[in-house]
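# Secondary and tertiary structure notes
Now for the letters of each chain:
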Amino acid sequence: VSINPEQLMTVYDDMVCSSGAKVLFFSRLADVEMASDDTIEAIIVANKNGLTAFKAKVFVDCTGDGDLSVWAGANYFMGNNSDQVQLSTLCFSVANVDSYGYTTNPNLYWENKDSPIHDALKSGKYPLIDQHSCNNLIGPSVVQFNAGHIAMTNSTDPWQISDAMVKGRKVATEYLRMLKDYQPQVYGNAFIVKTASLLGIRESRRIEGDYVFTIQDWLDRKSFDDEIGRNCYFVDIHIKGYEAKHYGRGESHGIPYRILTPKGIKNLLTAGRCISTDEEALGSLRVMPPSLVTGEAAGLAAALAIKQSKNDVHNIDVDFLRKRLREEGQYFK
């Protein structure tokens, strides 16, 4: 799906601000203050004003890495039995591409047998590239790439992330060099107009919830009494040698509410890639559509916890949550 990221930012700005929410950019979570072992009192945020405490009745951890949950004392998992996490990617955009040539020449995708990526890899001239070469034309003469891989042993280590950003820019440069060599009529005058502001991390901490969604649940196309949405994305694990698993047309599984509620923390929910799954099931649930599903459910559940259960996210009326989600257009069984 082609997405214009700059235009999408303004759409999201309008949606968030029109809802009445307040946005605080350029701020990062720095610490967590606990009222007791199971209740968060406040979060400490760092920005140009220094350190500021924000109190709330219920918190939602959408940090991706589960920072809030871990600092609040929640248990978590990371990687597999070999201490491997999925490979990361620094996305980039290339401008001044010949749009007609892009649509008429063989696409770079590895699955395309005519893709020049096959010959480029065989040549050995581009050691930083690999078969991961997703790309889309996102506007006139602009192609966005989700391409290349960067290995880390700990995707929450700031030193490893910094090194990965440096390498990612080198990877982008090497992809463009390869494209100029193999498709000069398309990329001969092209240049890198943007590398991503953040590293594309596919896997870091998985916060242990009241339920851990497993790969067996995914394989069983399992439904749940407390499901708050459905997911049909394939198990896409970016580790060398791993074979992806796919559903058939029309197949899906339920996403249970219990994987959004960190075990042992009363007033905290998670959403996005830090939800409670095993390492293999995360390969399906880490992507944008299920993240949107879990984000909507967590936000609504937080409001219901305040109204229904004295801020306890584990004891809300899940049937009412599902009713409200369905009224908002969410799909589940």
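The structure we're discussing is the one just above.
Being a predicted model, the structure only gives us computed values, none of them experimental. (Residues numbered from 1 in each chain as written. Predicted model: local features only at pLDDT ≥ 70, side-chain atom pairs only at ≥ 80, totals over all residues. Heavy atoms only, no water.)

## Observations concerning the sheet that holds strand β2 (residues 39–47)
Across the sheet, which stays open at both edges, the 3 strands sit in the order β1-β2-β3 with antiparallel pairing between neighbours. The sheet is open, and its two edges are formed by β1 (28–36) and β3 (50–55), each paired on a single side. Each neighbouring strand pair of the sheet contributes to a mean axis angle of 25°, computed without reference to strand direction. As paired elements, β1 and β2 share 7 bridges and run antiparallel to each other. The partner of E33 across the bridge, within β2, is A42. (Pairing = 2+ DSSP bridges. Helix = DSSP H or I, 4+ residues; strand = E, 2+ residues; numbered from the N terminus. Axes fitted to C-alpha atoms, helices over the stretch in contact; angles between N-to-C directions.)

## Structural notes on the side chain of D67
Inspection of the secondary structure puts D67 in helix α2 (residues 67–71). For D67, a relative accessible area of 19% gives the class buried. Aside from chain neighbours lying at most four places away, what touches D67 is L29, D61 and R205. (Buried < 20%, exposed > 50% of the residue type's maximum accessible area, 1.4 Å probe, protein only. Contact = heavy atoms within 4.5 Å.)

## With respect to the packing of aromatic side chains
On inspection of all chains with the given rule, the structure shows 9 aromatic pairs. Ring plane angle 65° and centroid distance 6.2 Å describe the contact between Y126 and Y182, whose orientation is recorded as edge-to-face. You can see Y126 sitting in the loop between α4 (116–123) and β7 (133–139) and its partner Y182 sitting in helix α5 (residues 158–182), a full 56 residues away along the chain. By relative accessible area, which is 3% here, Y126 ends up buried. (Phe/Tyr/Trp six-rings, centres within 6.5 Å; stacked < 30°, edge-to-face > 60°.)

## Side note on a nonpolar patch on the surface
Taken together, the side chains of V11, Y12, M15, V16, V23, F25, F26 and L292 make up a nonpolar region of the molecular surface, amounting to roughly 870 Å² of accessible area. You can see V16 is positioned in helix α1 (residues 5–18). (Patch = residues over 30% accessible without salt bridge, like charges linked within 9 Å, V, L, I, M, F, W, Y side chains within 5 Å. Areas by Shrake-Rupley, 256 points an atom, 1.4 Å probe, with all protein chains shown as cover. Salt bridge = Lys/Arg side-chain N within 4 Å of Asp/Glu carboxyl O.)

## Some thoughts on the pairing of β3
Pairing between β2 and β3: 6 bridges, direction antiparallel. Across the sheet, the residue bridging to I44 is A53, located in β3. Where β2 hands over to β3, the hairpin turn is made up of 2 residues, counted between the paired strands.

## Some details on unusual backbone geometry
Here N96, not a glycine, exhibits a phi torsion of approximately 65°, which is positive. Position of N96 among the secondary structure elements: in the loop between β6 (92–95) and α3 (99–104).

## Examining α5
Over its 25 residues, α5 extends 36 Å from the first C-alpha to the last, a length consistent with the 36 Å expected when each residue adds 1.5 Å. For α5, the complete set of buried residues consists of A164, M165, G168, V171, A172, E174, Y175, L176, M178 and L179. Residues of α5 that are buried make contact with β6, α4, β7, β8 (142–147), α6 (184–187) and β9 (191–195). Measuring from the backbone nitrogen of W159 back to the side-chain oxygen at the start of α5 gives 2.9 Å, which picks out D157 as the cap. (Expected span 1.5 Å × (residues − 1). Polar contact = N/O pair within 3.5 Å; in protein donor to acceptor, adjacent residues only side chain to side chain.)

## Focus: the nonpolar core
Ranked by internal contacts, the top residues of the largest apolar core, which has 33 residues, are F213, I228, Y257, L260, L269 and L321. Of all the elements, helix α9 (residues 288–308) adds the most residues to this core, at 8 residues. Those residues within four positions of L321 in sequence are excluded, and the remaining contacts are I228, Y257, A297, L300, A301, L304 and I316. With 21 residues, the next largest nonpolar core counts I129, L176, V186 and A190 among its residues. (Core = buried A, V, L, I, M, F, W, Y, C linked by side-chain atoms within 4.5 Å.)

## A word on the sheet that holds β9
Taken in spatial order, the 4 strands make up an open sheet running β7-β8-β6-β9, and their pairing is antiparallel. A single partner strand is all that each edge strand has here, and the edge strands are β7 and β9. Within the sheet, the average angular offset between the axes of one strand and its neighbour, ignoring direction, is 30°. As paired elements, β6 and β8 share 4 bridges and run antiparallel to each other. When the bridges of β8 are listed, V94 appears paired with V143. Contacts from α5 reach β6, β7, β8 and β9 within the one sheet, and its direction differs from that of β9 by about 150°.

## Observations concerning helix α10 (residues 318–327)
The set of residues buried in α10 consists of L321, R322 and L325. Considered in projection along α10, the buried side chains sweep an arc of 95° and stay on one side of the axis. In the core, the buried residues of α10 are packed alongside β11 (227–231) and α9. Among the residues of α10, the N-terminal cap falls to D317, whose side-chain oxygen and the backbone nitrogen of D319 are separated by 3.1 Å. (Arc of directions from axis to C-beta.)

## Details of the environment of D217
Inspection of the secondary structure puts D217 in helix α7 (residues 215–219). A relative accessible area of 5% places D217 in the buried class. Sequence separation between D217 and I255 is 38 residues, and the spatial gap between their C-alpha atoms is 9.9 Å. Dropping the residues within four chain positions of it, D217 is found in contact with Y211, V212, K222 and F224. Among the polar contacts listed, one links the side chain of D217 to the side chain of Y211, at a separation of 2.7 Å.

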